[in-house]
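# Structural characterization, general
For reference, the chains in residue letters:
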Amino acid sequence: RLLLAHLLGCSRTHLTAHDDRLLTAEELAAWRIQVTRRVDGHPVAYLLGEKEFYGLVFEVSPDVLVPRPETELLVDWAISLLSARPGQPSLLDLGTGSGAIAVAVMAQCPNARVSASDASSAALALARRNAERLGARIHFVEGSWWVPFQAQRFEVVVANPPYIAYGDAHLSQGDLRFEPSLALTDQSG
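All figures in this text were calculated on a predicted structure; none of them were measured in a lab.

Each value, and the rule that gives it
- Chains are numbered independently. Their residues run from 1 in the order of the written sequence.
- With the structure being a predicted model, the display of local features is reserved for residues of pLDDT at least 70 and the display and counting of side-chain atom pairs for 80 or more, all residues being used for whole-chain, interface and lining totals.
- Each side-chain value is worked out from all heavy atoms of the structure, with water and hydrogens disregarded.
- Runs of H or I in DSSP of at least four residues are treated as helices and runs of E of at least two as strands, each being numbered from the N terminus.
- To estimate how far a helix should reach, multiply one less than its number of residues by 1.5 Å.
- The cut-offs for exposure are 20% and 50% of the maximum accessible area for each residue type, with area from a 1.4 Å probe on protein chains only; residues under the lower value are buried, those over the upper are exposed, and the others partly exposed.
- Think of it as the arc spanned by the lines of direction from the helix axis to the C-beta atoms.
- The contact criterion used throughout is that any non-hydrogen atoms of two residues lie within 4.5 Å.
- Take the buried Ala, Val, Leu, Ile, Met, Phe, Trp, Tyr and Cys residues and link them wherever side-chain atoms come within 4.5 Å; each set so joined is a nonpolar core.
- We call two strands paired when DSSP finds no fewer than two bridges between them.
- By convention a crossover is right-handed if, when the strands point away from the viewer, the path from the first strand over the helix to the second runs clockwise.
- Basic side-chain nitrogens of Lys or Arg form a salt bridge, by our definition, when they fall within 4 Å of a carboxyl oxygen of Asp or Glu.

What follows is about helix 7 (residues 121–133). Across its 13 residues, helix 7 extends 18 Å between first and last C-alpha, which sits within 8% of the 18 Å expected from 1.5 Å per residue. Along helix 7, the positions that sit buried rather than exposed are Ala 123, Leu 124, Leu 126, Ala 127, Asn 130 and Ala 131. Projected onto a plane normal to the axis of helix 7, the buried residues spread over an arc of 160° and lie on a single side. Buried positions along helix 7 lie against strand 2 (56–59), helix 6 (100–108), strand 4 (113–118) and strand 5 (138–142).

Quick look at the structure:
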């Protein structure tokens, strides 16, 4: 229902209330493609092109990890640290991906100075789009982890680093097959 509602540009409630509506040939063809991709394991967020995180809707693509609910705990922690600091405290988000952490923190701490980096230019472009669309003023820099910020100091640093061993069998199962391996593993094999 979620995929069909997205395809038709309506809510799931509307879809249920109008369950007698017939799909056009074009809609049916598009629906079959989406269902086939989901059956093949593509994450729903990639099929929709978006994912809700911390009450905000983020654009996502196979260039970035799908934001996960447990990462909201990291955002809570960063907000609590920044809220306890006077003035314009600084935060750095390393490996920002979609920008979900940096943007969510900025939404709750508008006085903070937030910077973010990512080694992937495609991920950084997506993070910039998310920040712009959601009104977050974030300084984005392309580069690997600390490299672009070696001479700078930050009061809070957050990261959701790769956490699956290179070659782990889980990488070839389920939704993980479609997420960027650079963001999931150290790739040192």
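From this point on, the discussion continues.
Our focus in this paragraph is unusual backbone geometry. A positive phi angle, near 55°, is found at Tyr 54, a position not held by glycine. Assignment of secondary structure puts Tyr 54 in the loop between strand 1 (50–53) and strand 2. For Tyr 54, a relative accessible area of 22% translates into the label partly exposed. At Trp 145, a position not held by glycine, the phi torsion is positive, near 45°. In this structure, Trp 145 sits in the loop between strand 5 and strand 6 (156–159). The class of Trp 145 is partly exposed, set by a relative accessible area of 33%.

Leu 91, Val 105 and Ile 138 are the most contacted members of the largest nonpolar core, which totals 27 residues. Contributing elements (two or more residues each) for this core: strand 2, helix 5 (72–83), helix 6, strand 4, helix 7, strand 5 and strand 6. In terms of residue count, the dominant contributor to this core is helix 6 (7 residues). Ranked by size, the runner-up nonpolar core spans 7 residues in total, among them Tyr 46, Val 60, Ala 123 and Leu 126.

With that settled, consider the pairing of strand 4. Taken across its 6 residues, strand 4 has 5 buried, putting it largely inside the fold. Here strand 3 (residues 90–94) pairs with strand 4 via 5 bridges, running parallel. Counterpart to Ser 90 in the pairing with strand 4 is Arg 113. After leaving strand 3, the chain enters helix 6 and then returns to the sheet as strand 4, a path that is right-handed. In terms of strand pairing, strand 4 meets strand 5 through 5 bridges, oriented parallel. Counted as the bridge partner of Asp 118 is Glu 142 from strand 5. Handedness of the strand 4-helix 7-strand 5 crossover: right-handed.

Moving on, we get to the pattern of salt bridges. A complete count under the given rule lists 3 salt bridges for this structure. Across the salt bridge formed by Glu 27 and Arg 21, the nearest N and O atoms sit 2.8 Å from each other. Taking the relative accessible area as the measure of exposure, Glu 27 reaches 19% and is therefore buried. The exposure class of Arg 21 is partly exposed, given its relative accessible area of 44%. Glu 59 is paired through a salt bridge with Arg 129; the nearest N and O atoms lie 2.8 Å apart. Of this pair, Glu 59 sits in strand 2 while Arg 129 sits in helix 7, and the two are 70 residues apart along the sequence. Judged by relative accessible area, Glu 59 falls into the partly exposed class, the value being 26%.

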